[in-house]
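# Breakdown of the fold
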Amino acid sequence: MKDYSIKDQIYCYENTLILKNKLNIKNKEELEIVETKITSFKIAELQKREFKEYNLNFLFFKNLHKFIFEDLFEWAGKIRIIDISKDSFKFAHHIYIEKEASKLFNQLKKENYLKNIKKEDLIKKISHYITEINVLHPFREGNGRTIREYFRILLQNLDYKINFNIKNKQKYIEAMIESPYDQKNLIKFLKENIKKLEEK
Ligand SMILES: Nc1ncnc2c1ncn2[C@@H]1O[C@H](COP(=O)(O)OP(=O)(O)OP(=O)(O)O)[C@@H](O)[C@H]1O
Ligand SMILES: [Mg+2]
């Protein structure tokens, strides 16, 4: 995935695009390899677990990011304090994230984390929430992985399985890039890749 093209004094080593990290790696390729290794391991750990008894609120979402990234970044689990963009898309101004994300997760809670609704409506709701959370892009890095894990868990709690495997990741990213303007391809992607567990 293309990186955020911003040099910032807060998150990056001076005059580089390399994120300050706990391992003090200052080489971009090396950091990428180590980051992929560590986060893949953490995500595999999450995928062995059940979260049926958990409240999937904003704190849970932040804790997911913390769990996946805490060996790499000091700010794991904390929302960003600068503004970022990808390609030409500017994500939410950082001062709005806390308030707007709290609203979204409260709404999800009000909707009982999407329990007991039919699949067609579930897919539309998931598309809406994924799009909105992505537009906020709460963290300096790692939003894609955290959002995917969060919705994988939410769906797992409803006895659904979502397939974000390597083969269809590109399709997902393209649908995400389009989603702030048009959710049609995201809805299509979700329809094709969400299955009730016993359907197989
Ligand atoms: N141009 C764009 N406009 C809107 N959303 C985008 C754009 N490009 C990428 N995205 C979304 O941002 C996510 C990447 O965000 P980020 O780099 O913070 O997370 P990541 O976990 O490192 O990435 P990845 O999803 O590639 O594993 C993608 O998964 C996609 O959903
Ligand atoms: Mg990234």
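Scope of this entry: the structure provided in the associated data block. Values in this document were obtained by computation on a predicted structure and should not be read as measured data.

On to the packing of helix α6 (residues 166-178) against helix α7 (residues 184-193). Taken N-terminus to C-terminus, the directions of α6 and α7 make an angle of 145 degrees; their axes are 7 Å apart at the nearest point. By crossing handedness, the relation of α6 to α7 is classed as left-handed. Contacts from N168, K171, Y172, A175, M176 and E178 in α6 reach K184, N185, L186, F189, E192 and N193 in α7. Considered class by class, the residues forming the contact of α6 with α7 number five nonpolar, three polar and four charged.

Turning our eyes to something else, we now look at the environment of N165. With respect to the helices, strands and loops of the structure, N165 is situated in the loop between β3 (160-162) and α6. Between the alpha carbons of N165 and F189 there is a distance of 12 Å; along the sequence they are 24 residues apart.

Two descriptors summarise a pair of aromatic rings, namely the distance from one centre to the other and the angle between the planes of the rings. Counting across every chain of the model gives 18 aromatic pairs. Aromatic side chains F105 and Y150 sit 5.4 Å apart centroid to centroid with 85 degrees between the ring planes, which places their arrangement in the edge-to-face category. Residue F105 is found in helix α3 (residues 97-110), and its partner Y150 is found in helix α5 (residues 143-157); the two are separated by 45 residues along the sequence. Like Y150, F105 is buried. Between the aromatic rings of F164 and Y172, the centroid separation amounts to 5.0 Å while the plane-to-plane angle is 70 degrees, which identifies the pairing as edge-to-face. Each member of the pair, F164 as well as Y172, is classed as buried. Connected via pairs of aromatic rings, a cluster forms that spans F51, Y54, F58, F60, F61, F105, F139, Y150 and F151. Across from the ring centre of F67, 4.4 Å away, lies the NZ or CZ of K42, which sits over that ring. Sitting over the face of the ring of F58, K62 holds its NZ or CZ atom 4.2 Å from the ring centroid.

Reading guide: rules and limits
- Residues numbered from 1 in each chain as written.
- Chains lettered and ligands numbered in written order.
- Predicted model: local features only at pLDDT ≥ 70, side-chain atom pairs only at ≥ 80, totals over all residues.
- Heavy atoms only, no water.
- Axes fitted to C-alpha atoms, helices over the stretch in contact; angles between N-to-C directions.
- Helix = DSSP H or I, 4+ residues; strand = E, 2+ residues; numbered from the N terminus.
- Left-handed = near helix turned anticlockwise from the far one by under 90°.
- Contact = heavy atoms within 4.5 Å.
- Nonpolar A, V, L, I, M, F, W, Y, C, P; charged D, E, K, R; others polar.
- Phe/Tyr/Trp six-rings, centres within 6.5 Å; stacked < 30°, edge-to-face > 60°.
- Buried < 20%, exposed > 50% of the residue type's maximum accessible area, 1.4 Å probe, protein only.
- Lys NZ or Arg CZ within 6 Å of the ring centre and 35° of its normal.

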